[in-house]
Amino acid sequence: MKYVDEFRDPELAKHLIREIESLVVQIGASENEPLQIMEFCGGHTHTIFRYGIEQLLPKAIELIHGPGCPVCVLPMGRVDDCLALAERPEVIFATFGDAMRVPGSQKNLLQAKAEGADVRMVYSPLDALELARQNPSREIIFFALGFETTMPSTALTVLQAAEEGLKNFSLFCNHITTVPTIKAILDSPSMRIDGFVAPGHVSMVVGEEPFQFVACEYKKPIVISGFEPLDILQSIWLVVKQIAEKRCLVENQYLRVVERDGNPVGLKAMAAVFELREFFQWRGLGAIEHSGIKIKSEYAQFDAEHRFTMPNLNIADPSLCQCGEVLQGSIKPWQCQIFGSLCTPETPMGALMVSSEGACAAYYNFGNLPQVMAAKSNREQSTTIS
Amino acid sequence: MNSQSDTKTITMAHGSGGKAMHDLISDIFLASFDNELLSPLEDQAQIDLTQLIAIGNRLAFTTDSYVVDPLFFNGGDIGTLAINGTVNDLAVSGAKPLYLTCAMIIEEGFLVADLRRIVKSMKSAAEAAGVQIVTGDTKVVERGAADKIFINTAGVGVIPAHLKIGANQAKPGDKVIINGLVGDHGAAIIGARKDLAIETDIESDCQPLNDLIAALLTVCPDVHCLRDATRGGIATVLNEFAQASNVCIKIDETAIPVRSEVRGICEILGLDPLYLANEGKLLAIVPAERAEAALATMLAHPTGSQSAIIGEVVESPEEVVVLRTSFGGERVIDMLVGDQLPRIC
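Residues numbered from 1 in each chain as written. Chains lettered and ligands numbered in written order. Predicted model: local features only at pLDDT ≥ 70, side-chain atom pairs only at ≥ 80, totals over all residues.

## What about the packing of helix H7 (residues 151-164) of chain A against helix H12 (residues 264-273) of chain A?
All names here are of chain A. In contact at an axis separation of 8 Å, H7 and H12 are set at 60° when each is read in the N-to-C sense. As judged from the angle between their axes, H7 and H12 are oblique. For H7 against H12, the interelement crossing comes out left-handed. Contacts between H7 and H12 involve Met151, Pro152, Ala155, Leu156, Val158 and Leu159 from the former and Gly266, Ala269, Met270, Ala272 and Val273 from the latter. Its residues assigned to classes, the contact of H7 with H12 comprises 10 nonpolar, one polar and no charged. (Axes fitted to C-alpha atoms, helices over the stretch in contact; angles between N-to-C directions. Helix = DSSP H or I, 4+ residues; strand = E, 2+ residues; numbered from the N terminus. Parallel < 35°, antiparallel > 145°, perpendicular 65-115°, else oblique. Left-handed = near helix turned anticlockwise from the far one by under 90°. Contact = placed C-beta atoms within 7 Å. Nonpolar A, V, L, I, M, F, W, Y, C, P; charged D, E, K, R; others polar.)

Structure follows, in structure tokens:
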């Protein structure tokens, strides 16, 4: 298929892998002391597993799968707030499909829908706006979530709703930002990461500048990457090359999409509608300063948090979950005590098992490692016994 | 032409058991499905056993309900699905499909013209597959109690004595064959759903497989596993084979035939063609020494003209399906959690 197969060429992949192998030898990394490279974004994690990239890389490179899956990191308390909103009789709750299965403390949106809540799956916030136009007697709440990638479309939807004077449309805003989260990972005492593959779609919006601190202050190479398998391999090669040459820069591999200054129109819409929250709670990572986004007071009429009461409780992650340690790269998914037993894609307990972009779900679904197989067969045995 | 069933919509009276219902049955159902087992209109069809015994030694008996949304799509409708789906469920046992039932649950207000169109499709599909609809039932429920129309068909067929096909029969060394392009039905349904706003000419692959299977069994009577890959796609069926037979199935991404439009839709929506529904795709696991002959026979048949060998059975890791990706890596293909899309058949 045109414009797709070019980015999945196995011959080019072999060439890149040979280059990476020789650089790794030059650096002196080994299986026991591997280079640790974090791909921040869940979309990258998904590609890595879908194409089996991990097995193609030399063992002296260890990929750490970052927290860049907005569905995964949504805390339970926020999901409970969603459910409270969705269960109001006057409300049509519009959401992206992958948020339907995220567990709250009691149930998820899919269960709420089965119990009678009017939950609609949409592909864009503009679909939710259309629902508002078509159902003037109902309250339409759009479940806005995602990193900077999805913020411009949400912001433009609010501006559009304001222009049309819609009274029955609001957002439950759960947008989060990338930079404070990368900073929190870099500041973590157990942090062992040597370089980053930076999120391509976020960068398409924010540009290169926001990632400069990673190179300048923390002295780590960081490469903005596309989402095709060759994009990711090339980005890993660029990170390793920087390490070999003892350089720390923001490099842009995804030149065909990412402009240096990002998307000025999108940024302008975001600046008009959104502002930073002081703190936002992340599943698996705890509260991170200035990592959450809320709607500015001048658009409060479109803010579900302003217009409806919600439980607004802070619910702790299940105590057995080790998502935080996986996110920081200190353990692998299958080393978590409940991976594959209490926590599976069917009944996720931890953040990273929730969406197909989460590292644990990716290992569980696509992983062909003996450790993953063992964890799965343990689960089957325990199911048989019970 | 009967006046009662010419009214534009189905009403509760059509399900009441009274005159309106009788008119509907004779005008729409009897007129289309007419055969000597149905026409006496007893409460049951009476089937001569001697005729069945002549074909084989086991009765294959299956049932399936059809709730697809939308009812009409490129390449078929709920009626063609209701016949072909049940015919295929019988045929993958090696059975010769013979008789089907047809039960409909219709929502009050349903258009008679649409009912006629569906029944006409069922008649054509049944003729194409060589089966008869020999008994049926019609219920009408109040508006909102069902979504437009739901159809259940049960079917019987007879399995020849020498066949031993089962999901637990796959052996290391066996080859995996598919009879053509994967994911067309799922993609056609996506195209027919207006809320996704994707325009496509892709047609559902809805088709009966019994004739292709009969041809396959003449050259390869020792087929180990056969199943039609419907909901959950070929990924799900391969997992069922791997688990039931306690083997590993390795497939090659580059060998799996997928239409480029289907790949395109999957790229846009983040779906995987391996999990997309099919309604006329057969996965066969055959002994290696018969694979080429089986493939040649399938390729020569109109329902198998794009058949391909897509993988093989190996010993371990047991109960796992592994995909060699086009990129050169490997990954596990697991069963799907939840639906990629609801109500596809």
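Having seen the structure, we can now continue with the description.
## Section: the interface of chain A and chain B
Between chain A and chain B, the residue contacts involve 22 residues of the former and 18 residues of the latter. Sorting the residues of the side of chain A that touches chain B by element identifies helix H1 (10-27), helix H2 (42-50), helix H3 (53-56) and helix H15 (359-366) of chain A as the ones contributing at least two each. Counted by class, the side of chain A that touches chain B contains 13 nonpolar, five polar and four charged residues.

## As for the packing of helix H1 (residues 19-33) of chain B against helix H4 (residues 112-129) of chain B
Residue and element names in this part refer to chain B. For the pair H1 and H4, the least separation of the axes is 9 Å and the interaxial angle reads 15°. In terms of their interaxial angle, H1 and H4 are classed as roughly parallel. The interaxial crossing formed by H1 with H4 has right-handed handedness. On H4, the residues that touch Ile28, Phe29, Ser32 and Phe33 of H1 are Leu115, Arg116, Val119, Lys120 and Lys123.

## A word on the sheet that holds strand S6 (residues 149-159) of chain B
Residues and elements named next belong to chain B. Pairing is mixed across the open sheet formed by four strands, whose spatial order is S1-S6-S4-S5. Looking at the sheet topology across the chains shown, the edges are occupied by strand S1 (58-66) and strand S5 (132-141). Adjacent strand axes in the sheet meet at a mean angle of 15°, parallel and antiparallel pairs treated alike. Bridging between strand S4 (residues 96-107) and S6 involves eight bridges; their strand directions are antiparallel. Residue pairing in the sheet places Lys96 in a bridge with Val158 of S6. (Pairing = 2+ DSSP bridges.)

## As for the domain arrangement of chain A
The parts lose accessible area when they come together, and the size of an interface is often stated as this lost area. Residues and elements named next belong to chain A. If you check the domain split of chain A, you get domain 1 (1-316) and domain 2 (323-385). Relative placement of domain 1 and domain 2: their C-alpha centres are 21 Å apart. The partner domain 2 presents 18 residues to the 29 residues of domain 1 that form the contact. Those elements that provide at least two residues to the side of domain 1 that touches domain 2 are strand S1 (35-41), H2 and strand S2 (61-68). (Domains from an automatic or database assignment.)

## Examining the nonpolar core
Formed by 228 residues in total, the largest nonpolar core has its most connected members in Ala86 and Phe93 of chain A together with Leu238, Ile249 and Ala284 of chain B. Of the residues forming this core, the biggest block, eight residues, is contributed by helix H11 (residues 229-244) of chain A. (Core = buried A, V, L, I, M, F, W, Y, C linked by C-beta atoms within 7 Å. Buried ≥ 20, exposed ≤ 12 C-beta atoms within 10 Å, placed from the backbone.)

## Overview of H1 of chain B
Residue and element names in this part refer to chain B. With 15 residues, H1 should reach 21 Å at 1.5 Å per residue; the first-to-last C-alpha distance of 20 Å fits that figure. Residues Ala20, Leu24, Ile28, Phe29 and Phe33 constitute the buried set of H1. Packing partners of the buried residues in H1 comprise H4 and S5. (Expected span 1.5 Å × (residues − 1).)

## Focus: the environment of Met204 of chain A
Tracing the backbone through its elements, the reader meets Met204 of chain A in helix H9 (residues 200-206). Spatially, the C-alpha atoms of Met204 of chain A and Ser124 of chain A are 18 Å apart, while their sequence positions differ by 80 residues.

## A closer look at helix H9 (residues 288-300) of chain B
The terminal C-alpha atoms of H9 of chain B, which comprises 13 residues, lie 19 Å apart, in line with the 18 Å expected from a rise of 1.5 Å per residue. Those residues of H9 of chain B lying buried are Ala291, Ala294, Leu295 and Met298 of chain B.

## Some remarks on the domain arrangement of chain B
Residues and elements named next belong to chain B. Assigned domains of chain B: these are domain 1 (4-159) and domain 2 (167-332). For domain 1 versus domain 2, the distance between C-alpha centres works out to 28 Å. The partner domain 2 presents 23 residues to the 17 residues of domain 1 that form the contact. Listing elements by their share of the side of domain 1 that touches domain 2, those giving two or more residues are helix H3 (78-91) and H4. With seven residues, the top contributor of residues to the side of domain 1 that touches domain 2 is H3. When grouped by side-chain class, the residues that make up the side of domain 1 that touches domain 2 number nine nonpolar, eight polar and no charged.

## Here we look at the sheet that holds strand S13 (residues 330-332) of chain B
Residue and element names in this part refer to chain B. Pairing in this open sheet of seven strands is mixed, and the strands run S8-S10-S7-S11-S9-S12-S13 from one edge to the other. Two strands lie at the open edges of the sheet, namely strand S8 (225-228) and S13, each paired on one side alone. On average, each strand axis in the sheet is tilted by 25° relative to the strand beside it, whichever way the strands run.

## Observations concerning the confidence of the model for chain B
Scored by pLDDT, chain B comes out at a mean of 93, with 96% of its residues at no less than 70. Interface confidence for the predicted complex, given as ipTM, is 0.80, next to a pTM of 0.87. (pLDDT = per-residue confidence, 0-100.)

## Overview of unusual backbone geometry
The step from Asp69 of chain B to Pro70 of chain B runs through a cis peptide bond, and the omega angle for that step is 5°. Here the bond from Ser316 of chain B into Pro317 of chain B is cis, since omega is 0°, no more than 30 degrees from zero. On the secondary structure map, Pro317 of chain B appears in the loop between strand S11 (308-314) and strand S12 (320-324). Non-glycine residue His290 of chain A carries a positive phi angle of around 50°. Inspection of the secondary structure puts His290 of chain A in the loop between strand S12 (286-289) and strand S13 (293-295). Taking the number of C-beta atoms within 10 Å as the measure of exposure, His290 of chain A has 15 and is therefore partly exposed. Located in the positive-phi region is Asn312 of chain A, a residue other than glycine, with phi close to 50°. With respect to the element layout, Asn312 of chain A can be found in the loop between helix H13 (304-307) and helix H14 (323-327).

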